[in-house]
There are 2 protein chains.
Amino acid sequence: MAYRETEKMRQRKAQTRQRILDCARQRVFEGGFGNAQVTRIAQLASVATGTIYRHFDSKEELFAEIFRDATEREVNKVSEDLASHGDAVSRLGKALRRFAERALDAPVMAWALIAEPVDPRVEAQRLIYRRAYAELFQRTIEEGIEEGSLPPQDAHFSSTCLVGAISESLVGPLSPTQAGDGDIVEPEHTDPLVDTIVRFCLQGLTGNRR
Amino acid sequence: MAYRETEKMRQRKAQTRQRILDCARQRVFEGGFGNAQVTRIAQLASVATGTIYRHFDSKEELFAEIFRDATEREVNKVSEDLASHGDAVSRLGKALRRFAERALDAPVMAWALIAEPVDPRVEAQRLIYRRAYAELFQRTIEEGIEEGSLPPQDAHFSSTCLVGAISESLVGPLSPTQAGDGDIVEPEHTDPLVDTIVRFCLQGLTGNRR
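Please read these numbers as outputs of a predicted model, since none were measured by experiment.

**Focus on the overall build of chain A**
Scanning chain A for helices and strands turns up 9 helices and 0 strands. Reading the helices (α) and strands (β) of chain A from amino to carboxyl end gives α-α-α-α-α-α-α-α-α. By principal-axis analysis of the C-alpha atoms, chain A measures approximately 65 × 45 × 30 Å. When each of the 210 residues of chain A is scored for burial, the buried share is 51%.

Below, the structure is given as structure tokens:
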């Protein structure tokens, strides 16, 4: 019986931890990390503020986990798009386009992940994930050079140019201070911003007018 | 006499403030913002730690001022290069190349300005200056479209692609964790990294193989 009791406690602990994460993620989704006050998260998760600190060493630890989870999901989607059919150029175009469209579809969350000024501990996670994106792009660029759909180039540096171009050009449009209140970006709509980013990136890689 | 006394005090205060800024900047130059401990800066500036807080509200205020000063200087250099002779494409190429070369010439400082995980107050300054760079590039891209050296494009979004591509592709090479100890980048040396960045950016803008 003592064992079952412990197991139940373990489960309840895991559930509480998950509920805290879910509520915190919801707050970030709605207003960025700056919107995710611990007291408010505790309220939403129906726990005492102190309980949050029994599950996470600090607010920054909690934020870093939300950041990792959300970004990991994005990295996986980019990875899937890069593994789809077609030559390297069309796969890169697809991955870049869909990344930008997803970002514009959930602008506050994307802004929180890409550009919101955050604690250095979360910022450090950002650098790690930008490297993860760059590595994915680099592999596809190498495949493109190999198959001849891309001219010879330093695949590593070209990949970081891609990551920079797409994330930086999304920063402004995603920023809550720049977007109008209640602006809703239609996910189906081919945004001129997305076109510009994808064209710039593919031209940068191929040297051919798009 | 009382007036002169006050004037002298004012001057001495300004000198102390400047000395604190100079010593802090030197620490950032050598090891980034993470290297600039207030106690160490106070030691170097021969003042008590408390004196620093009489001149700056907080360490972050001091850092933000160093950041503004150093970045302002960079923005001015880019502005000068963009105002030099030649068509828009060659001026953009020159400004991008020299920006990258200056960064590789003072890698720790450049890393601190571009990518080091910092307090949100310094990070907020970063977003402002990235917009300043983008505005400079945008004006030159518009001139290029006007004169016909660049094809029609959304000059604003293309400019943010440039800022992103160049800053992101410098992040890795500048990072203290990636650079070898004592690596010195020769400023005269045409780095393959610089070539790749400039080629990617100009191809991105023009759609012509470089």
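**Observations concerning the UniProt feature "DNA-binding region" (unreviewed entry) in chain A**
With numbering matched to this structure, UniProt assigns "DNA-binding region" (unreviewed entry) to residues 37-56 of chain A. The span residues 37-56 of chain A is 75% helical and 0% strand by assignment, and the distance between its end C-alpha atoms comes to 14 Å.

**Brief notes about the domain arrangement of chain A**
Accessible area lost during the coming together of the parts is what is often quoted as the interface size. All names here are of chain A. Partitioning chain A into structural domains gives domain 1 (1-56) and domain 2 (60-206). Summarising the inter-unit geometry, the C-alpha centres of domain 1 and domain 2 are found 30 Å apart. Facing the 16 residues of domain 1 at the interface are 15 residues of domain 2. Interface area, domain 1 with domain 2, both sides summed: about 1300 Å², of which 76% is carbon and sulfur. Among the residues of domain 1 in contact with domain 2, R25, F29 and F33 are the three that bury the most area, contributing 50% of the side total. Between E65 and R17 there is a salt bridge; the shortest N-O distance is 2.8 Å.

**Considering the packing of helix α5 (residues 88-105) of chain B against helix α8 (residues 155-174) of chain B**
All names here are of chain B. Packing of α5 against α8 leaves a shortest axis separation of 10 Å and a crossing angle of 25 degrees. Between α5 and α8, the interaxial angle falls into the category roughly parallel. In the packing of α5 onto α8, the handedness of the crossing is right-handed. Of the residues in α8, those in contact with L92, L96, F99, A100, A103 and L104 of α5 are L162, I166, L170, P173 and L174. In terms of residue class, the contact of α5 with α8 is made up of 11 nonpolar, no polar and no charged.

**Here we look at the packing of aromatic side chains**
Each aromatic ring pair is described using two quantities: the centre-to-centre distance and the angle formed by the ring planes. Residues and elements named next belong to chain A. Applying the stated criterion across every chain, the model contains 7 aromatic pairs over all chains. Between F33 and F63 the ring centres are 5.0 Å apart and the planes differ by 45 degrees, which places this aromatic pair in the tilted class. Note that F33 is positioned in the loop between α1 (2-31) and α2 (38-45) and F63 in helix α4 (residues 59-82), a separation of 30 residues in sequence. Residue F33 is classed as buried on the basis of its relative accessible area of 4%.

**Overview of the environment of T206(B)**
One can find T206(B) in helix α9 (residues 192-206). Sequence separation of T206(B) and L150(B) is 56 residues, and the distance between their C-alpha atoms is 5.6 Å. Not counting chain neighbours up to four residues away, the residues in contact with T206(B) comprise Q203(A), R209(A), V89(B), L150(B) and P151(B). Side-chain polar atoms of T206(B) contact the backbone oxygen of L202(B), separated by 2.7 Å.

**Notes on the pattern of salt bridges**
Scanning the model with the defined rule gives 26 salt bridges over all chains in all. In this structure, E168(B) and R130(A) form a salt bridge, with 2.4 Å as the shortest nitrogen-oxygen distance. Here E168(B) is found in helix α8, whereas its partner R130(A) is found in helix α7 (residues 120-147) on a different chain. What makes R130(A) buried here is its relative accessible area of 17%. A salt bridge links R91(B) to E143(B), with the shortest nitrogen-to-oxygen separation between them at 3.1 Å.

**A few points about the relation of the copies chain A and chain B**
Overlaying chain A with chain B gives an RMSD of 0.0 Å, the required rotation being 180 degrees about an axis along which the chain moves by 0.0 Å. The superposition of one copy onto the other is thereby described by a two-fold rotation axis. Of the residues that chain A buries at the interface, 100% are likewise interface residues in chain B, meaning the two copies contact each other through the same surface.

**Comments concerning the UniProt feature "domain: HTH tetR-type" (unreviewed entry) in chain A**
If you check UniProt for "domain: HTH tetR-type" (unreviewed entry), the listed places come out as residues 14-74 of chain A in our numbering. Annotated as 80% helix and 0% strand, the span residues 14-74 of chain A places its first and last C-alpha atoms 24 Å apart.

**Considering the interface of chain A and chain B**
Taken together, the 37 residues of chain A in the interface contact 37 residues of chain B. For the pair chain A and chain B, the summed buried area comes to about 3200 Å², and 63% of that belongs to carbon and sulfur atoms. The tally of links from chain A across to chain B stands at 2 salt bridges. Residue assignment for the side of chain A that touches chain B shows that the elements contributing at least two residues are α7, α8 (155-174) and α9 (192-206) of chain A. For the side of chain A that touches chain B, the element with the highest residue contribution is α8(A), accounting for 12 residues.

Thresholds applied
Residues numbered from 1 in each chain as written. Chains lettered and ligands numbered in written order. Predicted model: local features only at pLDDT ≥ 70, side-chain atom pairs only at ≥ 80, totals over all residues. Heavy atoms only, no water. Helix = DSSP H or I, 4+ residues; strand = E, 2+ residues; numbered from the N terminus. Buried < 20%, exposed > 50% of the residue type's maximum accessible area, 1.4 Å probe, protein only. UniProt positions renumbered as here; feature names shortened; annotations may be inferred. Domains from an automatic or database assignment. Contact = heavy atoms within 4.5 Å. Buried area = accessible area lost by both parts, 1.4 Å probe. Salt bridge = Lys/Arg side-chain N within 4 Å of Asp/Glu carboxyl O. Axes fitted to C-alpha atoms, helices over the stretch in contact; angles between N-to-C directions. Parallel < 35°, antiparallel > 145°, perpendicular 65-115°, else oblique. Left-handed = near helix turned anticlockwise from the far one by under 90°. Nonpolar A, V, L, I, M, F, W, Y, C, P; charged D, E, K, R; others polar. Phe/Tyr/Trp six-rings, centres within 6.5 Å; stacked < 30°, edge-to-face > 60°. Polar contact = N/O pair within 3.5 Å; in protein donor to acceptor, adjacent residues only side chain to side chain. Least-squares fit on C-alpha atoms with pLDDT ≥ 70 in both.

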